[in-house]
Amino acid sequence: MSTADGHVVVDHLSKRFGAVQAVDDLSFEVHPGRVTGFLGPNGAGKTTTLRMLLGLVRPTSGTATVAGRRYTDIPHPARVVGAALEAASFHPGRSARDHLRVLAPQVGVPDSRCDEVLGIVGLSDVADRRAGGFSLGMRQRLGLATTLLGDPHVLVLDEPANGLDPEGIAWLRAFLRHLAGEGRTVLVSSHVLSEVQQTVDDVVIIARGRLVHASPLAELARLARRTVRVASPDTAGLARLAAVLGGAPTPADPRVALLDDVDTATVGAAAHAAGLELHELASRDVGLEDLFLQLTSDGAGPGAPGGAPPGSGAGPTSPTSTEGGAA
Ligand SMILES: Nc1ncnc2c1ncn2[C@@H]1O[C@H](COP(=O)(O)OP(=O)(O)OP(=O)(O)O)[C@@H](O)[C@H]1O
Ligand SMILES: [Mg+2]
């Protein structure tokens, strides 16, 4: 077990509040040097999971560890894990700097660190202003400054983009990328995929407390695109074309085929080469946000992500080059 690394491991974690199974046998890993989006709709169990990771809620079963240790077993946890859960509430009469100064001894860092972190999050100019007068965006930044006090290897941020304007979101994105670039582990929750889609390397998606998808974002993006609907009156010819491209006509209508992991140009070229008359040739990309909704909607059971989104499962790989189609 390495003590310096920032691997986060959630292992068969469950939490029940009375009748509510908030987190249900959840397992996933978060890796250093990457920004991981922890995604799910409202009530999916994101905050509860993060609270268990931070030792604030006791799991019903399972474990959540950082570098192999439970948060409560880490000697100086704030030096290892920096956390901001929900839009933090600050003492309204206290300045940003004083807010951090109160925390510095608990974290075990000198006063000078307060000005450092205020600089890092771009709050130096307002360090002496009362936090009570801060905008939501400024409060989010102050929350981030708080998490950075102990120069932690792991950052856990619950919905840090909430309430930020586009400029604030762009700043946050660059900031999180920078932190991951330094080799830190960045775990950031959101209920909107599009909000973090340009920020994250990996996604962990949960719904109703259960894991529905975990992968690099690029893999999820692959699932969301490259489905082509093609129709021809020549059903035998269409079946041959579909077979070449690793698919088959739909059971409902032999004049229609839905082909995964391929683009319209490839299908068009193959049809042309085969002399096949086409009546329809259309891209049916579901898009990342739609796929996210599909994965997390009620119909989607865990283990059967999204009721088979396009391209999921053991789909055939495209026989053609992905040039132009996959970028
Ligand atoms: N302390 C608690 N007592 C009882 N039920 C709770 C408690 N905390 C959370 N829950 C319930 O657990 C479920 C998961 O809540 P949680 O806050 O973890 O979801 P979330 O994914 O963070 O949602 P959101 O996107 O709205 O922040 C919800 O049904 C919630 O009502
Ligand atoms: Mg939450």
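For the structure itself, look to the data block above.
Residues numbered from 1 in each chain as written. Chains lettered and ligands numbered in written order. Predicted model: local features only at pLDDT ≥ 70, side-chain atom pairs only at ≥ 80, totals over all residues. Heavy atoms only, no water.

Trainee: I would appreciate a short explanation of the sheet that holds strand S5 (residues 81–84) in the present structure.
Mentor: Within a sheet, each strand pairs with its neighbour through backbone hydrogen bonds, oriented either parallel or antiparallel. Pairing is mixed across the open sheet formed by six strands, whose spatial order is S5-S6-S7-S3-S8-S9. Across the chains shown, the open sheet's two edge strands, defined by having one partner strand only, are S5 and strand S9 (210–216). Direction aside, the axes of adjacent strands within the sheet are offset by 15 degrees on average. Two elements, strand S3 (residues 35–39) and strand S8 (residues 202–207), share four bridges in a ladder whose sense is parallel. Bridging across to S8, Phe38 finds its partner in Val204. Across the sheet, helix H6 (residues 166–181) is in contact with S3, strand S6 (154–157) and strand S7 (185–190); its angle to S7 comes to roughly 150 degrees. (Pairing = 2+ DSSP bridges. Helix = DSSP H or I, 4+ residues; strand = E, 2+ residues; numbered from the N terminus. Axes fitted to C-alpha atoms, helices over the stretch in contact; angles between N-to-C directions. Contact = heavy atoms within 4.5 Å.)

Trainee: Explanation requested: the site of ligand 1 in the structure shown.
Mentor: Near ligand 1 you find Phe17, Val20, Ala22, Pro41, Asn42, Gly43, Ala44, Gly45, Lys46, Thr47, Thr48 and Glu159, and these make up its full shell. At 2.7 Å, a backbone N or O of Gly43 approaches an oxygen atom of ligand 1. At 2.9 Å from an oxygen atom of ligand 1 is found a main-chain nitrogen or oxygen belonging to Gly45. For the shell around ligand 1, the elements supplying multiple residues, two or more each, are strand S2 (20–30) and helix H1 (46–53). The dominant element in the shell around ligand 1, judged by the number of residues it contributes, is H1, at three residues. Looking at the shell around ligand 1 residue by residue, the class counts come to five nonpolar, five polar and two charged. (Near = heavy atom within 4 Å. Polar contact = N/O pair within 3.5 Å; in protein donor to acceptor, adjacent residues only side chain to side chain. Nonpolar A, V, L, I, M, F, W, Y, C, P; charged D, E, K, R; others polar.)

Trainee: Explain the pattern of salt bridges to me, please; I cannot follow it from the model alone.
Mentor: A side chain of one charge can pair with a side chain of the opposite charge if their charged atoms are brought near each other. This structure, assessed with the given rule, holds twelve salt bridges. Taking the shortest distance from any N to any O, the salt bridge between Asp24 and Arg210 comes out at 3.8 Å. Here Asp24 is found in strand S2, whereas its partner Arg210 is found in strand S9, with 186 residues between them in sequence. Assessed through its relative accessible area of 24%, Asp24 is described here as partly exposed. (Salt bridge = Lys/Arg side-chain N within 4 Å of Asp/Glu carboxyl O. Buried < 20%, exposed > 50% of the residue type's maximum accessible area, 1.4 Å probe, protein only.)

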